[in-house]
Amino acid sequence: MLKSALMYLVPCGLALVLAVAIRLLGGPERGTRAAGIAVIIGFLAAWGYFLRPGWIPTDDFSRIGHIAFGAGLMGLALDYLAGRRLWAVASIALVVAVSTWLSINGMLRPAEPVTLSLGVVVLALVVLGTLAILRLEAISRQEEAGGLTAGLLLMIAVGALAFVARIGGEGRLFTSGLILVAALAPYVLLQRLLRVAVGESIILGASAIALALAWAVFQALPHLRPALLLVPLILFADGTAKRVPLPAARISTILYPFLLAGIAALPAVLAVLAAYVLAPGVASP
């Protein structure tokens, strides 16, 4: 029981402490942008310690950490340098391409001759993954300081993936998803308190973890794949939320995150319900 609690308290506390430290030490510009790397550090520390994946990425589960490390590092470099958006787009495409290839092939060097069908599958997954991350990246750039949209949508999407994995009996993937949610949660709170940004560290790092988790669920639970198709709809919840009329007062800034979370939760709940219907048997708690 204590270990289960620590599994989620550690990434939450570590992400909180590191984000505050990076924000204060890095200053109002670089510190605000780079604080997001605390989420990736919190995830990797808890995921590596409690789930013991091993150093060698031998399967889809153990590759999650390596993908998180590489994507988070590249995101931190982009946050520190504050480069143009073109660099961010190119970096996102590169991270998704490498992550996708590693997930499918298992290593950088081709395990067998690359066929046309394999190339098409890789290209399609790279395009879909890149578009999903670019969607979050565009939301984060459009928001003012302290905006919660990108962080909330990412948290709900990861949570939906985690519970689909849980229904399919994949406990390690379920726990991996909840560890990331636990690391993201305090950062979303700090967005309002310290005005930290959802920079490229989170956009690249956390999104790459989500894609790796989705691929692992996709491979491990082929009968639940239709449920996964509902998860990307979460990334478009902000469009609906913005059309809902709110009071023209300061309270609207408090109500909007709850409205957004409620709308984003609808496709998440549908994905979980679809997984229940498709699963041959529900895993016991």
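Going along each chain's sequence as written, the residues are numbered from 1 onward. This being a predicted model, a pLDDT of at least 70 is required before a residue's local features are given, and a value of 80 or more before pairs of side-chain atoms are given or counted; all residues contribute to the totals for chains, interfaces and linings. Values shown for side chains rest on all heavy atoms present in the structure; no hydrogens or waters enter the calculation.

### Concerning the pattern of salt bridges
Phase 1 of the analysis: Throughout this description, the term salt bridge denotes a Lys or Arg side-chain nitrogen within 4 Å of a carboxyl oxygen of Asp or Glu. Applying the stated criterion across every chain, the model contains five salt bridges.
Phase 2 of the analysis: With a closest N to O distance of 3.5 Å, Glu200 and Arg141 form a salt bridge. Here Arg141 lies in helix α5 (residues 116-142) and Glu200 lies in helix α8 (residues 200-220), a separation of 59 residues in the sequence.
Phase 3 of the analysis: Burial classification: accessible surface area is computed with a 1.4 Å probe over protein chains only, and a residue below 20% of its type maximum counts as buried, one above 50% as exposed, and the rest as partly exposed. By relative accessible area, which is 8% here, Glu200 ends up buried.
Phase 4 of the analysis: Here Arg141 falls in the partly exposed class, since its relative accessible area comes to 42%.
Phase 5 of the analysis: Taken together, the salt bridges that share partners define one network made up of Arg135, Asp238 and Lys242. Only DSSP runs of H or I covering at least 4 residues are called helices, and only runs of E covering at least 2 are called strands; the numbering of each starts at the N terminus.

### Regarding the layout of surface pockets
Phase 1 of the analysis: Considered as a void within the structure, the largest pocket measures approximately 890 Å³ in volume.
Phase 2 of the analysis: What lines the largest pocket is a set of 34 residues, among which Leu128, Gly129, Leu211, Ala214 and Pro232 lie closest to the centre.
Phase 3 of the analysis: Mapped onto the lining of the largest pocket, the elements with two or more residues apiece are α4 (85-105), α5, α6 (149-167), α8 and α9 (225-228).
Phase 4 of the analysis: Of the residues that constitute the lining of the largest pocket, the class distribution is 27 nonpolar, five polar and two charged. Cavities and pockets are defined on a 1 Å grid built over the protein atoms alone: a cavity is a set of grid points where a 1.4 Å probe fits but cannot escape, while a pocket is an open set with protein on both sides within 12 Å along at least five of seven lines, and lining residues are those with an atom within 4 Å of any such point. Grid points are joined across faces, edges and corners, and a volume is the space filled by probe spheres set on the points. Think of it as three bins: nonpolar holds Ala, Val, Leu, Ile, Met, Phe, Trp, Tyr, Cys and Pro, charged holds Asp, Glu, Lys and Arg, and polar takes everything else, Gly as well.

### Side note on the environment of Arg33
Phase 1 of the analysis: Looking at the element boundaries, Arg33 is found in helix α1 (residues 2-34).
Phase 2 of the analysis: Sequence separation of Arg33 and Gly54 is 21 residues, and the distance between their C-alpha atoms is 31 Å.
Phase 3 of the analysis: Residue contacts are counted whenever heavy atoms from the two residues lie within 4.5 Å of one another. Residue contacts for Arg33: discarding those within four places in its chain leaves Asp79, Tyr80, Ala82 and Gly199.

### Side note on the packing of aromatic side chains
Phase 1 of the analysis: Each pair of aromatic rings taken from Phe, Tyr and Trp, with Trp reduced to its six-membered ring, is defined by centres within 6.5 Å and is described as stacked if the planes are under 30 degrees apart, edge-to-face if over 60, and tilted in the remaining cases. Counting across every chain of the model gives five aromatic pairs.
Phase 2 of the analysis: Measuring from ring centre to ring centre gives 5.0 Å for Tyr49 and Phe50, while their planes differ by 90 degrees; the resulting arrangement is edge-to-face.
Phase 3 of the analysis: Aromatic pair Phe163 and Phe174: ring centres 5.3 Å apart, planes at 70 degrees, arrangement edge-to-face. Taken together, the residues Phe163 in helix α6 and Phe174 in helix α7 (residues 171-193) connect sequence positions eleven residues apart.
Phase 4 of the analysis: Phe163 sits in the partly exposed class, given a relative accessible area of 41%.
Phase 5 of the analysis: Judged by its relative accessible area of 14%, Phe174 falls in the buried class.
Phase 6 of the analysis: Taken together, the ring pairs connect Phe43, Trp47 and Phe61 into an aromatic cluster.
Phase 7 of the analysis: Consider the ring centre and the ring normal. A charge sits over the ring if Lys NZ or Arg CZ is within 6 Å of that centre and within 35 degrees of that normal. Of note, Arg52 hangs over the ring of Tyr49, and the distance from its end group to the ring centre comes to 4.7 Å.
Phase 8 of the analysis: The positively charged end of Arg166 is found above the aromatic ring belonging to Phe174, 5.9 Å away from the centroid.

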